[in-house]
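What follows is the residue order along each chain.
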Number of protein chains: 2
Amino acid sequence: MQNPQVLAALQERLDSVSHTPSSYIETLPRAVKRRINALKQLQVRCAHIEAKFYEEVHDLERKYAALYQPLFDKRREFITGDVEPTDAESEWHSENEEDDKLAGDMKNKVVIAEKPAAEEPNPRGIPEFWFTIFRNVDMLSELVQEYDEPILKHLQDIKVKFSDPGQPMSFVLEFHFEPNDYFTNPVLTKTYKMKSEPDKADPFSFEGPEIVDCDGCTIDWKKGRNVTVKTIKKKQKHKGRGTVRTITKQVPNESFFNFFNPLKASGDGESLDEDSEFTLASDFEIGHFFRERIVPRAVLYFTGEAIEDDDNFEEGEEGEEEELEGDEEGEDEDDAEVTPKV
Amino acid sequence: MQNPQVLAALQERLDSVSHTPSSYIETLPRAVKRRINALKQLQVRCAHIEAKFYEEVHDLERKYAALYQPLFDKRREFITGDVEPTDAESEWHSENEEDDKLAGDMKNKVVIAEKPAAEEPNPRGIPEFWFTIFRNVDMLSELVQEYDEPILKHLQDIKVKFSDPGQPMSFVLEFHFEPNDYFTNPVLTKTYKMKSEPDKADPFSFEGPEIVDCDGCTIDWKKGRNVTVKTIKKKQKHKGRGTVRTITKQVPNESFFNFFNPLKASGDGESLDEDSEFTLASDFEIGHFFRERIVPRAVLYFTGEAIEDDDNFEEGEEGEEEELEGDEEGEDEDDAEVTPKV
């Protein structure tokens, strides 16, 4: 659970204040303004104490990640089918397991016999568990192209790994795949780097650690299987002679797997254009969402129980963003025939 | 900083998932449904681990409250005028204090001389500091009646006190007043009780500690100064004789100070009507807002720097709520002349 980051969300939700006519402050005697400046100095010191608090919360999160892991490992085993839950493990009531303690209260307890009825199919584990979550979560389904789907069906687990104590604050999303015909990596990774210190220029805006940058990984695509590029044939007309030749070139292709080849956040030097800023912000939001919601509560996104409407996330925008990029990349194309490589 | 509670806000902000046709789950073979039940059991166990995590975060908050307190005490001294900040303490730049380290960089450093210009007034401390915050924050100004204002000008500090380790999770808001003509209490208190465990009936909705109940305090009003009641004269006609007599009665009166006489949350037994539920929810939100935003960052609400628009909080509703209550209480009045007691 990443509490710090979400104080921003709290402020959005709770701040309910009208604009003070700053004129009011200006009218105050200089002696009073002076005391207000003293309070601001104290406020900056508070922000730096707050930063230390969030570092300790991060340590707590690391500690608890270790406590969750055995349950997440069991989850993976049930999903893959490596282990079959016992009858006790697969009991479910309309109430929760606390009711087990109400001795002999068996009403609305659902026990499904381990042996399926003869005529019923019994696939291994929970087929397409993670892929189904990708389909259910708009933020993700918007990124998934038709040709991504058969690949995502090989996804077997998603893990969150925290940076070690003393290391810069960060977390890694590990996407574990079963052997497949698309790439050779057993694990694809996305690393999110965080920062937990007040901004010098604007210390009062500090609301806890923020994702400030991310790194992907190289996907070792099998020959002709890379869905993140497409080959286009294009005709070129020779300026002078007017002869026409056809050349082929590879251009980026929309795909969820571009998630592993993100933009780099701007260094202090150059800055990103608005579109890139938006793409990056969306990527950070998705990374945070995997860490904060999907990995800790996967089954609820599979069944839909975790589903809530989201007002702050405009549907589709990410998609458009991706398209825009595509256009930029392939801008000098004229009369292009698209031949997807898959 | 109360991270746990605000995960709810995070979910509102981040959850972006479409509704899974639960039909999809129904279509799955019984053997697969059985494994899904096993995942749900694991998920409930995760929720109970999460509850423990939040208890540890609460301990951290308690630890850090002690680190903030010396700064808050200094703040109180500057506000009341008990202590005058030194020139160093009242320096302020457009950047933050980190710049002090840039040796000799004195540009845009503002030092206001301790001695005010002869002609300028020099009131004690920062007059009406907390009252100004009440005026600036809609959530509060909506509760403040004209006759509350002279009382709130005597408010000198607001403190948050956490429950001791091992005690049930709770916090107390302490409103410290200078001696005044309205009541004899030096401190008015509002206590918020919290709960950090998954709900038996709905363990998956658990998002961290929640405020579940609150207690106010008795205000020892000086004679004729109680703004939370008003006296009304009403005429009563005798059924038989038709003679009319005038009686006076006291009825509740709208006032911020009703904040210290809250509704009680419903026990497991009886439940509150919708209006009362709303009033209570608003009270909890205000208590949380004092603890989470106003007390930690008071100067920013005084200057307006903390000001942000809030989409989730409908302005005015609380006011209406209060009025409704007033009506309920005084319902059998006919032809009432209102005589405020102040």
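Preceding this section is the structure that the text describes.
Quantities reported herein were computed from a predicted structural model and do not represent experimental measurements.

The rules behind each value
Residues numbered from 1 in each chain as written. Chains lettered and ligands numbered in written order. Predicted model: local features only at pLDDT ≥ 70, side-chain atom pairs only at ≥ 80, totals over all residues. Heavy atoms only, no water. Disulfide = S-S within 2.5 Å. Pairing = 2+ DSSP bridges. Helix = DSSP H or I, 4+ residues; strand = E, 2+ residues; numbered from the N terminus. Axes fitted to C-alpha atoms, helices over the stretch in contact; angles between N-to-C directions. Contact = heavy atoms within 4.5 Å. Core = buried A, V, L, I, M, F, W, Y, C linked by side-chain atoms within 4.5 Å. Buried < 20%, exposed > 50% of the residue type's maximum accessible area, 1.4 Å probe, protein only. Parallel < 35°, antiparallel > 145°, perpendicular 65-115°, else oblique. Left-handed = near helix turned anticlockwise from the far one by under 90°. Nonpolar A, V, L, I, M, F, W, Y, C, P; charged D, E, K, R; others polar. Phe/Tyr/Trp six-rings, centres within 6.5 Å; stacked < 30°, edge-to-face > 60°.

Section: the state of the cysteines
Disulfide: a covalent bond formed between the sulfur atoms of two cysteine residues. One pass over the structure, following the stated rule, counts zero disulfides over all chains. For Cys 214 of chain A, which is in no disulfide, the shortest distance to another cysteine sulfur is to Cys 217 of chain A and amounts to 12 Å.

Focus on the sheet that holds strand S3 (residues 155-162) of chain B
Residue and element names in this part refer to chain B. On the basis of which strands lie adjacent, the open sheet formed by four strands has the order S3-S4-S5-S6 and antiparallel pairing. Each of the sheet's edge strands pairs with one partner strand only, and the pair in question is S3 and strand S6 (210-215). Between one strand axis and the next, the sheet turns through 20° on average, direction left out of account. Relative to S6, strand S5 (residues 187-195) runs antiparallel, the two being bridged by five bridges. The residue of S6 that forms the bridge with Lys 195 is Glu 210. Contacts from helix H4 (residues 129-136) reach S3 and strand S4 (170-177), with the element oriented near 75° to S3.

Some remarks on the nonpolar core
By size, the foremost hydrophobic cluster in this structure holds 148 residues, and its most contacted members are Phe 175 and Phe 257 of chain A together with Phe 175 and Phe 257 of chain B. Those residues in contact with Phe 175 of chain A that lie beyond four places of it in its chain are Phe 134, Leu 155, Asp 157, Ile 158, Pro 186, Val 187, Leu 188, Phe 256, Phe 259, Phe 260 and Phe 290 of chain A.

Digging into helix H4 (residues 129-136) of chain A
Taken across its eight residues, H4 of chain A has seven buried, putting it largely inside the fold. Turning to H4 of chain A, its buried residues are Phe 129, Trp 130, Phe 131, Thr 132, Ile 133, Phe 134 and Asn 136 of chain A.

Details of the packing of helix H3 (residues 30-80) of chain A against helix H3 (residues 30-80) of chain B
Two elements in contact, H3 of chain A and H3 of chain B, have axes separated by 9 Å at closest approach and are oriented at 165°. The angle between H3 of chain A and H3 of chain B places the two elements in the roughly antiparallel class. Helix-helix and strand crossings are classified by hand; for H3 of chain A and H3 of chain B the assignment is right-handed. Class assignment for the residues of the contact of H3 of chain A with H3 of chain B results in 30 nonpolar, no polar and 18 charged.

Description of unusual backbone geometry
All names here are of chain A. Positive phi values are uncommon outside glycine, yet Glu 128 reaches one of about 55°. For Glu 128, the position within the fold is in the loop between strand S2 (109-110) and H4. The partly exposed category is assigned to Glu 128, whose relative accessible area is 30%.

Considering the sheet that holds strand S6 (residues 210-215) of chain A
Residues and elements named next belong to chain A. Spatially, four strands are ordered S3-S4-S5-S6 in an open sheet, and the strand pairing comes out antiparallel. Because the sheet does not close on itself, it has two edges, and the strands there are strand S3 (155-162) and S6. Between one strand axis and the next, the sheet turns through 20° on average, direction left out of account. Contacting S3 and strand S4 (170-177), H3 crosses the sheet at an angle of about 170° to S3. Strand contacts of helix H7 (residues 274-294): S3, S4, strand S5 (187-195) and S6, with the helix running at about 75° to S4, the strand carrying the most contacts.

With respect to the packing of aromatic side chains
Residues and elements named next belong to chain B. Enumeration according to the criterion identifies 56 aromatic pairs over all chains in this entry. Where Phe 177 meets Phe 257, the ring centres are 6.3 Å apart and the plane angle is 45°; that geometry is what we call tilted. Placement of Phe 177 in strand S4 and of Phe 257 in the loop between strand S8 (244-252) and helix H7 (274-294) is noted, with a sequence separation of 80 residues between them. The residues Phe 177 and Phe 257 share a single accessibility class, namely buried.

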